[in-house]
Amino acid sequence: MAQKHFDKEFPFVLYKKPHAKVIRGLFQESDETHSIQDFTETGYAFVSFSGNEMLLIPERDSDFQFAVFENQVRDKEVISSSKKAETNREFHLKLVNDAIRAISQQKFDKVVLSRKEMVELPHFDFGQIFISLSKNYPEAYVYCWFHPKTGFWFGAFAEQLLKTGNGKLHTMSVAGTQKWHEGLIWMEKEKQEQRFVTDFITDELKPFSTAVNASTPYTLKAGTLAHVKTDITAELKPGAHLKNIVEALHPTPAVCGLPKQPALDFILENEGYDRGFYSGFHGELNKDFLNGNEQTDFFVNLRCMHVEASGNTANLYIGGGITKDSNPEAEWLETVNKSQTMKKVLL
Ligand SMILES: C=C(O[C@@H]1C=C(C(=O)O)C=C[C@H]1O)C(=O)O
């Protein structure tokens, strides 16, 4: 089905929710480009970091399919480094140093800096990549998006931007990174960068809610990495509009910074490339296609990559949060570790 759509250059998305056994697919019946206008639409949303591109595979022009996925065997870990990565390293170290200086000059408290890394693909098979991601990361939201306007995007991570239905909203604050191991301990630097995200989200949700509750922070395992996570729930006021909530939350300090505007300006002036859909968000808009409920279920687009429709190269996107206590070399290594999520299914 997906291959048939790709051959015709019709948009489609394959996705598997965290810990789910079911693969879902939404297949557009035309090559038309649909966009989100006000978040009252129904379908699958795919939104860029800047919010300038808000693509939609609309329910009314699509066919929904699902299949049970059972294979849970993980592949071996891949460690690789390329000459290209070394060139990136110098640039990234300077970028992080510049950000630490800007923080010490009180321009902002946190900024998330990212980079793009190119990997050549000897043989590209989108179905096989999607299955391999699903197999390796059962705890993640795994997806493969294709649109003639964007080419392919893949991702495997479980950071929810928001889930709403029945007047309730669920979201989470995820930040701080370490290699996962038994008994790991979080340092003040990681706790602080994650607290920035929690405080931002709870403050932004208050005008839309009668109550906002946050759990105590705990460890989230993501592949071979671990992050600090807080669950946040809100009781929405009647009439709270999804569009306004999305605009208030995105981009959170998990992918942008705090305060939002100076951090965003720093990213746009210094990162040196266009993030495109990396650190944007995507997911079911106003419908859970499997059970038919009215529900929105958006995830942040992280641990992701872009592959042109020609399938010759993949661009991996990786970043991390910088605060006053950041160490540039450690921040570089964090992006190298995060790049393994996608490399594991490519090399
Ligand atoms: C920005 C990324 O990840 C985000 C940043 C993290 C951090 O700064 O430690 C951790 C998890 C994500 O919220 C990425 O994976 O590219």
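Since the structure is predicted, the reported quantities are computational estimates derived from the model, not experimental observations.

1. Focus: the overall build of the chain
Reasoning step 1: Of the regular secondary structure elements, the chain holds 7 helices and 19 strands.
Reasoning step 2: Taken along its principal axes, the extent of the C-alpha atoms in the chain is 55 × 55 × 40 Å.
Reasoning step 3: For the chain, with 347 residues in total, the buried portion stands at 59%.
Reasoning step 4: In the chain, the share of contacts with a sequence separation of at least 24, taken over all contacts with a separation of at least 6, comes to 71%.
Reasoning step 5: Across the chain, 39 positive and 46 negative side-chain charges occur, with their mean positions spaced 4 Å apart.

2. So, the site of the ligand
Reasoning step 1: Taken together, 18 residues are adjacent to the ligand, and Glu159, Thr177, Tyr278, Arg303 and Gly321 come closest.
Reasoning step 2: Within the side chain of glutamate 159, an N or O atom sits 2.6 Å from an oxygen atom of the ligand.
Reasoning step 3: Glycine 321 has a polar backbone atom sitting 2.7 Å from an oxygen atom of the ligand.
Reasoning step 4: Summarising the interface, the protein chains cover 100% of the accessible area of the ligand, which totals 390 Å² for the free molecule.
Reasoning step 5: Those elements giving two or more residues to the shell around the ligand turn out to be strand E11 (168–179), strand E19 (313–322) and helix H7 (328–343).
Reasoning step 6: The class makeup of the residues in the shell around the ligand is 7 nonpolar, 6 polar and 5 charged.

3. Regarding the packing of aromatic side chains
Reasoning step 1: Applying the stated criterion across every chain, the model contains 29 aromatic pairs.
Reasoning step 2: With centroids separated by 5.2 Å and ring planes inclined at 70°, the aromatic side chains of phenylalanine 124 and phenylalanine 152 adopt a geometry described as edge-to-face. Taken together, the positions of phenylalanine 124 in the loop between strand E7 (110–120) and helix H3 (126–136) and phenylalanine 152 in strand E9 (residues 151–157) put the pair 28 residues apart, joining distant regions of the chain. Like phenylalanine 152, phenylalanine 124 is buried.
Reasoning step 3: Site record: aromatic cluster; members linked through ring pairs are Tyr15, Tyr44, Phe46, Tyr141, Tyr143, Trp145, Trp153, Tyr273, Phe277, Tyr278, Phe299 and Tyr317.
Reasoning step 4: The positively charged end of arginine 303 is found above the aromatic ring belonging to phenylalanine 157, 4.0 Å away from the centroid.

4. A few points about the UniProt feature "domain: Chorismate-utilising enzyme C-terminal" (unreviewed entry) in the chain
Reasoning step 1: What UniProt calls "domain: Chorismate-utilising enzyme C-terminal" (unreviewed entry) maps, in this numbering, to residues 92–338.
Reasoning step 2: Along residues 92–338 the backbone is 29% helical and 37% strand, and the end-to-end C-alpha distance reaches 14 Å.

5. Let's talk about the environment of glutamate 182
Reasoning step 1: Following the sequence through the fold, glutamate 182 ends up in the loop between E11 and helix H4 (188–205).
Reasoning step 2: Residue glutamate 182 is classed as exposed on the basis of its relative accessible area of 65%.
Reasoning step 3: Taking the C-alpha atoms as reference points, glutamate 182 and phenylalanine 91, 91 residues apart in sequence, are found 33 Å from one another.

6. A word on the confidence of the model for the chain
Reasoning step 1: Taken over all residues, the pLDDT of the chain has a mean of 94, while the share at 70 or more is 95%.
Reasoning step 2: Scoring of the predicted complex yields 0.96 for pTM and 0.99 for ipTM.

7. Notes on the environment of glutamate 139
Reasoning step 1: Relative to the elements of secondary structure, glutamate 139 occurs in the loop between H3 and strand E8 (141–147).
Reasoning step 2: Separated by 84 residues in the primary sequence, glutamate 139 and glycine 223 have C-alpha atoms spaced 8.2 Å apart.
Reasoning step 3: Separated by 2.9 Å, the side chain of glutamate 139 and the backbone nitrogen of glycine 223 make a polar contact.

8. Overview of the nonpolar core
Reasoning step 1: The biggest cluster of nonpolar side chains holds 69 residues, and the ones touching the most others in it are Tyr44, Val111, Tyr143, Trp145, Trp153, Leu162 and Phe298.
Reasoning step 2: The leading source of residues in this core is helix H2 (residues 83–104), at 6 residues.
Reasoning step 3: The residues touching tryptophan 145, leaving out its near neighbours within four places in the chain, are Phe12, Val13, Tyr44, Phe46, Leu55, Ile57, Thr150, Gly151, Phe152 and Trp153.
Reasoning step 4: Counting residues in each nonpolar core, the second largest holds 30 residues, with Ile23, Phe69, Val119 and Val345 among its members.

The rules behind these values
Residues numbered from 1 in each chain as written. Predicted model: local features only at pLDDT ≥ 70, side-chain atom pairs only at ≥ 80, totals over all residues. Heavy atoms only, no water. Helix = DSSP H or I, 4+ residues; strand = E, 2+ residues; numbered from the N terminus. Buried < 20%, exposed > 50% of the residue type's maximum accessible area, 1.4 Å probe, protein only. Contact = heavy atoms within 4.5 Å. Lys, Arg positive; Asp, Glu negative; His and termini not counted. Charge placed at Lys NZ, Arg CZ, Asp CG, Glu CD. Near = heavy atom within 4 Å. Polar contact = N/O pair within 3.5 Å; in protein donor to acceptor, adjacent residues only side chain to side chain. Areas by Shrake-Rupley, 256 points an atom, 1.4 Å probe, with all protein chains shown as cover. Nonpolar A, V, L, I, M, F, W, Y, C, P; charged D, E, K, R; others polar. Phe/Tyr/Trp six-rings, centres within 6.5 Å; stacked < 30°, edge-to-face > 60°. Lys NZ or Arg CZ within 6 Å of the ring centre and 35° of its normal. UniProt positions renumbered as here; feature names shortened; annotations may be inferred. pLDDT = per-residue confidence, 0-100. Core = buried A, V, L, I, M, F, W, Y, C linked by side-chain atoms within 4.5 Å.

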